[in-house]
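# A closer look at the structure
Below are the chains, spelled out letter by letter.
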Amino acid sequence: MIYQGILEYEESELNLEEIPQTKTQIMMNVASPDAAFRWWRLPCEGIGLARMEFIINNVIKIHPMALIHWDELEDEDARQQIQFEPKEANPMLGFRGASRYYSDRYREGFALECRALKRVREEIGFNNVIIMIPFCRTLDEADKVLHVLAENGLKRGENELEVYVMCEIPSNVELAEEFSERFDGFSIGSNDLTQLVLGVDRDSGDLSHLFDERNLALKKMILRLIKTAHQCDRKVGICGQAPSDHPDFAAFLVEAGIDSISLNPDSVSQVKQQVAQQEDKG
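The shown structure was predicted, so the numbers you read here are calculated from the model rather than taken from an experiment.

Moving on, we get to the pattern of salt bridges. Evaluated as defined, the whole model comprises 15 salt bridges. Between R107 and E151 there is a salt bridge, with its nearest N and O atoms 2.7 Å apart. Remark: E151 occurs in helix α7 (residues 139–151) and R107 occurs in helix α6 (residues 107–123); sequence separation between them is 44 residues. Relative accessible area serves as the criterion here: at 49%, E151 is assigned to the partly exposed category. Connected through salt bridges with shared partners, the residues R96, D192 and R202 form a single ionic network.

Set out below in structure tokens:
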């Protein structure tokens, strides 16, 4: 769509020297390689979350399983018609996250992802890349994923490889000590954790008034996780917009002792200043 005229916009200048240093690491979420090249000058401590699914969807633009079965598909029309994802009544509680990686339905696709990560770390030289496992429901599932990673040349502890787990299911909090034995750290996924603690569909407009990461139940969950993880010498971060949307939530996270907060680039400077103010209060 092309509209006549120029849209109104505002411009602001940011003096990076005026942005305070913080004990809490402030990091960025990125969804594409271009974003990293565009925003690297911002005063943050690195990339807290690189969304591989967005890179596959928006840059590679083909399902990994289609690449595996490329020769079996006769022509472009056939490739477009083949659907590699199951139709689910509730995808949010379905075939997602860790359950995909050891499943015969996607195991070969995950092997491609592992090959890419192995090349990034060992051939290109970015051995600071940490693998993060999303939506890991059980300890048995954690063990299976770590086994599959090792089978694909990505064994936790070798070549300084660290593997984190997303904390977005109540079981991750309840069994934080046991998950700490298997992973090197946690990253809180506040959207899913809120959805599953409060029983509210995160995509439901009718229930949006109930969806709030600042709910007391969520705060108690986060406090327990941080306390247990630190007792096990494991770090805890959070990825999402909640700290930037709600300054009081960012203050709560700092007070709770969170190690890092990862945000969209446009929120980095604002939240960093809020975090510094909270740290000064002690």
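Here the focus is the nonpolar core. In summary, soluble globular proteins display a tendency toward joint burial of nonpolar side chains. In terms of nonpolar packing, the biggest core is built from 53 residues, with I133, L149, F183, F186 and I188 touching the most fellow members. Sequence-distant contacts of I188, that is, excluding residues within four places in its chain, are made with C167, L193, I222, L225, V236, G237, I238, C239 and I258.

This brings us to helix α14 (residues 268–281). Look at α14: 20 Å from first C-alpha to last across 14 residues, which is about the 20 Å you get at 1.5 Å a residue. Of the positions making up α14, those classed as buried are V268, S269, V271, K272, Q274, V275, A276 and Q278. Buried residues along α14 sit in contact with β1 (25–30), α12 (242–245), α13 (247–256) and β7 (260–263). G282 sits one or two residues past α14 and shows a positive phi near 85°.

Criteria and cut-off values
- Numbers given for residues are sequential positions, taken from 1 along each chain in its written order.
- Two thresholds apply to this predicted model, a pLDDT of at least 70 for residue-level local features and 80 or more for giving and counting side-chain atom pairs, whereas whole-chain, interface and lining totals are computed over all residues.
- Water and hydrogen atoms play no part in the side-chain values, which are based on all heavy atoms of the structure.
- Any carboxyl oxygen of Asp or Glu that lies within 4 Å of a side-chain nitrogen of Lys or Arg is treated as forming a salt bridge with it.
- Only DSSP runs of H or I with at least four residues qualify as helices, and only runs of E with at least two residues qualify as strands; both kinds are numbered from the N terminus onward.
- Between buried and exposed lies partly exposed: a residue is buried under 20% and exposed over 50% of the maximum accessible area for its type, with that area taken using a 1.4 Å probe on protein chains only.
- Buried residues of nine kinds, namely Ala, Val, Leu, Ile, Met, Phe, Trp, Tyr and Cys, make up a nonpolar core once their side-chain atoms join them within 4.5 Å.
- Only heavy atoms matter for contacts: two residues are in contact if any of them lie within 4.5 Å across the pair.
- Take the number of residues in a helix, subtract one, and multiply by 1.5 Å to get its expected span.

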